Amino acid sequence: MSPRDRLVPLSACAALTATLLFAPPAFAATTITVAADGSGNYTTVQAAVDSVAAGNTTAVTINIKPGTYRGVVTIPATKPYLTLVGTGTASTQSVIVEGHAAGQTKSDGSTYGTSGSATVFVNANDTVIRNLTMSNDFNEAAYNLDAEQAVAVNTSGDRVQFDNVRILGNQDTLLVNSPSASTVRRLYVRNSYVEGDVDFIFGRGTMVFQNGTVHSLTRGSSSNNGYITAAATDINNKFGYLFWGTTLTSNAPAKTVYLGRPWHPSGDVNARGQVLYRGVSMGAHIRDDPWTDMSGFSWKDARFSEYSSTGAGAVVNSNRPQMTASTATQYVPTAYLAGSDGWNPIR
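Residues numbered from 1 in each chain as written. Predicted model: local features only at pLDDT ≥ 70, side-chain atom pairs only at ≥ 80, totals over all residues. Heavy atoms only, no water.

J.: Is there a simple way to explain the pairing of strand 14 (residues 186–190) in this structure?
T.: Remark: a regular strand shows side chains that alternate across the two faces of the sheet. Burial within strand 14 is extensive, with five of its five residues counted as buried. Of the two faces of strand 14, the one lined by Arg-186, Tyr-188 and Arg-190 and the one lined by Leu-187 and Val-189 are each fully buried. Note: strand 11 (residues 160–163) against strand 14, four bridges, orientation parallel. Paired with Phe-162 across the two strands is Val-189, which belongs to strand 14. Note that strand 14 and strand 17 (residues 206–210) share five bridges and pair parallel. (Buried < 20%, exposed > 50% of the residue type's maximum accessible area, 1.4 Å probe, protein only. Helix = DSSP H or I, 4+ residues; strand = E, 2+ residues; numbered from the N terminus. Pairing = 2+ DSSP bridges.)

Here you go:
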């Protein structure tokens, strides 16, 4: 299939995103350094976050020196304008990691639950994270749990940006979250890498995943190696997930990975997931029937579509709704991210 995008050619889009600027608010700036070896202000990322006053109006940059930082990191809703930056030459060098799973028991006897299993919680608005790795290394093979969901990142803040990050997990890796079905929360991910197997990008928030790589891990099956998305977009929200100029890769056999399925949290009939793969390069691992039902809800009632995809996995048939060129003019990154305040991080 030849590309049909005419609004912004993907080649031009790649050049544009290479020069994106993430401008902090026009406040006095503060810089904090985290170093595991004690050469910074703090030895843990959470300690650095804790040092920022609640309700701050200062743009705070937390520089994270190369190293592995084990422990949950929570950026509370009361601390906006934080930027977390790995200072190494690659995103692999600064790693935030923990290994909690939904079915694991906490010290108080309760379980973490899916959303509570995250390694990194981004609850604050206007958070930027760049050039580091966020990972959940829960070992599924070492435990016999009914609930193996293990979230690497749970983001429920608004106007959140991830730039050149790696997000690693298995089931439910990236939770694109929102405090309520009626609340729109926006996440912009560019030039990044996310991997997992089952529903590993999920939730009711709004996300643009621009360029970068989405990698499906094999589960050792010859027929079903998981689902990339499980969107729960509310029917009143026009925009769910947009994958724009992204590459889909996998080590799974050909035609064994689904693009997604519709998640209806607690049976919510108004959760009508919206997902568009636009100008995406799809590997041979993508199934010819890439959408499937979930928990008794039909994928055909969701808002799933493709537009101008390429690659061995980008076949066109009756099981793969294609967005029309006229409709596609409405489904571009700036439209997904604009919201009611006109937010545009794509400079």
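J.: Whenever I open this one, the sheet that holds strand 22 (residues 258–260) confuses me. Can you help?
T.: The strands that make up a sheet are held in pairs by hydrogen bonds between backbone atoms, and each pair lies either parallel or antiparallel. Here seven strands make up an open sheet; going across it, the order is 4-7-10-13-16-19-22 and the pairing parallel. Pairing within the sheet leaves two strands with one partner each, and these edge strands are strand 4 (73–75) and strand 22. This sheet shows a mean twist of 15 degrees between the axes of neighbouring strands, independent of strand direction. Relative to strand 16 (residues 198–203), strand 13 (residues 174–176) is paired through two bridges, and the arrangement is parallel. (Axes fitted to C-alpha atoms, helices over the stretch in contact; angles between N-to-C directions.)

J.: What exactly am I supposed to notice about the pattern of salt bridges here?
T.: Opposite charge on two side chains permits pairing when their charged atoms draw close. The full count for this structure, using the stated rule, is 13 salt bridges. Residue Arg-130 is joined to Asp-163 by a salt bridge in which the shortest nitrogen-to-oxygen separation is 3.6 Å. Here Asp-163 lies in strand 11 and Arg-130 lies in strand 8 (residues 128–130), a separation of 33 residues in the sequence. Classification of Asp-163 as buried rests on a relative accessible area of 8%. Note that Arg-320 and Glu-306 form a salt bridge whose closest N and O atoms lie 2.9 Å from each other. Of the two residues, Arg-320 sits in the loop between strand 25 (303–307) and helix 3 (325–328) while Glu-306 sits in strand 25, which places them 14 residues apart along the sequence. Under the relative-accessibility criterion, Glu-306 is labelled buried at 1%. Three or more residues joined by partner-sharing salt bridges are found here, namely Asp-126, Asp-158, Arg-159, Arg-186 and Asp-341. (Salt bridge = Lys/Arg side-chain N within 4 Å of Asp/Glu carboxyl O.)

By themselves these figures say nothing about function.
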